[in-house]
Structures are given as structure tokens and as C-alpha cells.
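# Summary of the model geometry
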Amino acid sequence: KVKSKVEGGNATGYSISGKVIGVGSGVEGFKIGQRVAAAGAGFANHAEIVSVPKNLVTHVPENLDLSEASTVTLGAIALQGVRRIDVKLGEYVVVVGCGILGLIAIQLLIKSGARVIAIDLDDSRLEIAKSFGCEQTINPKIENPVEKVSLLTKGKLSDYVLFAAATSSSEPLSQSFNMCRKKG
């Protein structure tokens, strides 16, 4: 699939950063030479020159490296998940999957005052989650996540589950529903 996309000349990517080289008529707030980051499949493609609608573009502070700013979409995806949860101080949130999106979400949730429990098959990712201040971690190869969440929450279960795992198995999603409290 990847080879056919590359050979077919289809644009790839969804997150970029760089400098403005032109501004469309009627576009305000941007000028040539400004450092920007952009998000959006079909617009923020991996290319040297792109045309992106202004609502998908943001300014990049001078103290932020453009290579770091190019990950803007990943941060936005994690932030949207946390915003949709609308977590309150002290609520339990289980994050299933500690890849880049899950780890960004964990940091945002902790800053929001959530009590975060991280679940992943990779112990090194769980260690990163702990280093960010994650309250508890669970490796489902070692422990039953539903039973462990029940134990950690004294039977109340989680207020929310943020699912950030990539898997072909339906078991983690099923477990997510079972570790979430009623109306959670």
C-alpha cells in the first residue's frame, strides 16, 4: 500500500512546520517569514511547499525548535481526547496505550488533576508514564486490568477510559468498558 502511494505521487503526512513564504488574499494574522506549524491530512503534507487553510495553522514561538513543532497534530489529537473527557480534579482516568498519543494525554491529564492509571504491554512505556507522574501502571500480560483497576479504585472503577492503543484485538476495548464505572 505504501509503495503504491509513493509511486502514485499521492501526498502523505498530516503535520508540518516551517516558514511562511506566501499569504493568500484576505488572510490576516500571518506574514512572510513567520514560523508556523500546521495540521490536517490533505493539507499539512510532507512537502517543501504546501498551501494550508489558515484555521489549520498556528504560530511557533521562537524558543521552540521547528522539528518539535512539526508534531503539532499529535499534541492536538491527545488534547482533544482530554478535552472531550472534561476530567475533574481527583477523578480516575485509565489510559489504555502508552505510545506517543497516550503519553501526551497522560501528561495533560496529570496537569488537569486526574488520577491516572496507565495500561500497556510494554514495560518501558509504563516506566515513562510513571516518570510523568502516573499514579499506577498495569501490564495486561502480568495482571488482569479490570480486576486491578477495581482494586486500585476500591471497587468504584474508573471515571473515564481514554483508549489510545493500536490493536486488532477487541479484548482491550471490551476491558475498557468493564473497568469504567456506571455512566463513566
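Here's a quick rundown of the structure. It should be emphasised that the depicted structure is a prediction, and the values quoted were computed from it without experimental measurement. (Residues numbered from 1 in each chain as written. Predicted model: local features only at pLDDT ≥ 70, side-chain atom pairs only at ≥ 80, totals over all residues. Heavy atoms only, no water.)

Right, let's get into the overall build of the chain. Regarding its fold elements, the chain presents seven helices and seven strands. The order of helices and strands in the chain, counted from the N terminus, is α-β-β-β-α-α-β-α-β-α-β-α-β-α. With the principal axes as the frame, the chain shows a C-alpha extent of 60 × 40 × 30 Å. When contacts within the chain are restricted to residue pairs at least 6 apart in sequence, those whose partners lie at least 24 apart make up 51%. Carbon together with sulfur atoms contributes 54% to the accessible area of the chain, which is approximately 11500 Å² in total. Measuring between centres, the 21 positive side-chain charges of the chain sit 6 Å from its 17 negative side-chain charges. (Helix = DSSP H or I, 4+ residues; strand = E, 2+ residues; numbered from the N terminus. Contact = heavy atoms within 4.5 Å. Areas by Shrake-Rupley, 256 points an atom, 1.4 Å probe, with all protein chains shown as cover. Lys, Arg positive; Asp, Glu negative; His and termini not counted. Charge placed at Lys NZ, Arg CZ, Asp CG, Glu CD.)

Turning to unusual backbone geometry, a few remarks are in order. The phi dihedral of K154 falls on the positive side, at around 55°, and the residue is not glycine. Structurally, K154 can be placed in the loop between α6 (145-152) and β7 (160-163). The phi angle at L157 is positive, at roughly 70°, despite the residue not being glycine.

A few words on the packing of helix α3 (residues 72-85) against helix α4 (residues 100-111). At a minimum axis separation of 9 Å, α3 and α4 run at an interaxial angle of 55°. Comparing the axis directions of α3 and α4 gives the class oblique. Viewed along their axes, α3 and α4 form a crossing whose handedness is right-handed. Here L74, G75, I77, A78, L79 and V82 of α3 come into contact with α4, specifically with I100, L101, I104, A105, L108 and L109. Considering only residue class, the contact of α3 with α4 consists of eleven nonpolar, one polar and no charged. (Axes fitted to C-alpha atoms, helices over the stretch in contact; angles between N-to-C directions. Parallel < 35°, antiparallel > 145°, perpendicular 65-115°, else oblique. Left-handed = near helix turned anticlockwise from the far one by under 90°. Nonpolar A, V, L, I, M, F, W, Y, C, P; charged D, E, K, R; others polar.)

Its place among the elements puts D159 in the loop between α6 and β7. For D159, a relative accessible area of 13% corresponds to the buried category. In this structure the side chain of D159 is engaged in a polar contact, spanning 2.7 Å, whose partner is the backbone nitrogen of Y92. For D159, the side chain forms a polar contact with the side chain of R181, separated by 2.7 Å. Sequence-distant contacts of D159, defined by excluding residues within four places in its chain, comprise E91, Y92, C180, R181 and G184. (Buried < 20%, exposed > 50% of the residue type's maximum accessible area, 1.4 Å probe, protein only. Polar contact = N/O pair within 3.5 Å; in protein donor to acceptor, adjacent residues only side chain to side chain.)

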